[in-house]
Amino acid sequence: MTRFGISIVPLTERLEPNRELVRVADQAGLDLVGIQDHPYQRHFLDTWSLVPTLLAETDRISFFTDVANLPLRPPAVMAKAAASLDVLSGGRFELGLGAGGIPDVIANFGGPRRTPGESVEALEEAINVIRLLWSEERSVSFEGRYYRLDDARPGPRPVHPIGIWVGAFKPRMLRLVGRKADGWLPSLGVLTRGEMRAAHEVIDAAAEKVGRDPGSVRRILNLQGLIGDGAAPSRSELPVGYLAGERLAGPPAWWVETLGGFVEDGFDTVVFWPVEAAARQVELFARDVAPQLRPSG
């Protein structure tokens, strides 16, 4: 079944409007809220502090990191935090995970400076570490180039199988998604629709090569825009935190047709980033767009 959600920009000055967007999404029956994770961004609240706050203020909607910044978040501690959030919320947390796309800024903030190849290797090790620490084993060990565990004790256990959804755009990372991740989490604008179609094929081939069913890898699409008759604001008119690429704009019927094309391309989850941080945008998405794309019956 196709699932729908929103993503919010965790701007400090937008805390109360974001609370309202999330409340509306929860009450309207949407499935997910994503929150990006850029610890070095001085305008942002800390994502791993904001998520539990909003979980406590909602009843049914799930949250995910869109995506967690691995170089600045040790995977063993992140595994503990994710499992704890899942337990405390009754199974309403998923883990979006990224290799860190701004290496200079990450290094300036105290993180490691990694080459693209090293970033892929570290992310693969991190997935191994996280899954070990979510296991039922009494003690786990892992020896990698970037991360290690020595007689580490897992716990708590997540109350549902937390998905590890990887933000990936280039072939080597896409192949990692196919081999090992639970989901692929790209953004329209970073990749074009044609590039995403090609990426699906890379993921599918990598999954099949290791004996996985490509259909077991979820496909979650981030896209930003405006629902209505006006034009979407330009990048220069938006605060920090929005993607530099394409911003969609059109009335609800246009959104239904456009998103239907992405669903046909293979995406099972659509995450809407409203470029206008207004509850009305979430209401339109939940009432006039998402229901038209859910299977009837």
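Reading the values: the criteria
- Residues numbered from 1 in each chain as written.
- Predicted model: local features only at pLDDT ≥ 70, side-chain atom pairs only at ≥ 80, totals over all residues.
- Heavy atoms only, no water.
- Helix = DSSP H or I, 4+ residues; strand = E, 2+ residues; numbered from the N terminus.
- Polar contact = N/O pair within 3.5 Å; in protein donor to acceptor, adjacent residues only side chain to side chain.
- Contact = heavy atoms within 4.5 Å.
- 1 Å grid on protein atoms, 1.4 Å probe; cavity = no way out; pocket = protein on both sides within 12 Å on 5 of 7 lines; lining within 4 Å.
- Points joined across faces, edges and corners; volume = space filled by probe spheres on them.
- Nonpolar A, V, L, I, M, F, W, Y, C, P; charged D, E, K, R; others polar.

Peer 1: Can you walk me through unusual backbone geometry in this structure?
Peer 2: Peptide bonds are mostly trans, and most non-glycine residues show a negative phi. Each neighbour pair has its own omega, and for aspartate 66 with valine 67 the value is 5 degrees, a cis peptide bond. Take valine 67: it is sitting in the loop between strand 3 (62-65) and strand 4 (68-69). Geometrically, the link from glycine 155 to proline 156 is a cis peptide bond, its omega value of 0 degrees lying close to zero. Locating proline 156 in the fold gives a position in the loop between strand 7 (148-152) and strand 8 (164-166).

Peer 1: It is not clear to me how the side chain of arginine 73 should be interpreted in this structure. Could you clarify?
Peer 2: Checked against the element boundaries, arginine 73 lands in the loop between strand 4 and helix 3 (75-89). In terms of polar contacts, arginine 73 uses its side chain to reach the side chain of aspartate 46, at 2.8 Å. Leave out the neighbours within four places in its chain, and arginine 73 touches Asp37, Pro39, Asp46, Thr47, Trp48 and Met78.

Peer 1: Got a minute to help me understand the layout of surface pockets in this structure?
Peer 2: Empty pockets left among the atoms are what a rolling probe the size of a water molecule brings to light. A volume near 1,100 Å³ is recorded for the largest pocket. Residue lining of the largest pocket: 43 residues in total, with Val67, Gly100, Gly101, Ile102 and Phe169 positioned closest to the centre. Those elements that place two or more of their residues in the lining of the largest pocket are strand 4, helix 4 (103-108), helix 5 (116-133) and helix 6 (171-180). Here the lining of the largest pocket takes four residues from helix 5, the largest share from any one element. Each residue belonging to the lining of the largest pocket can be placed in one class, and the counts come to 22 nonpolar, 14 polar and seven charged.

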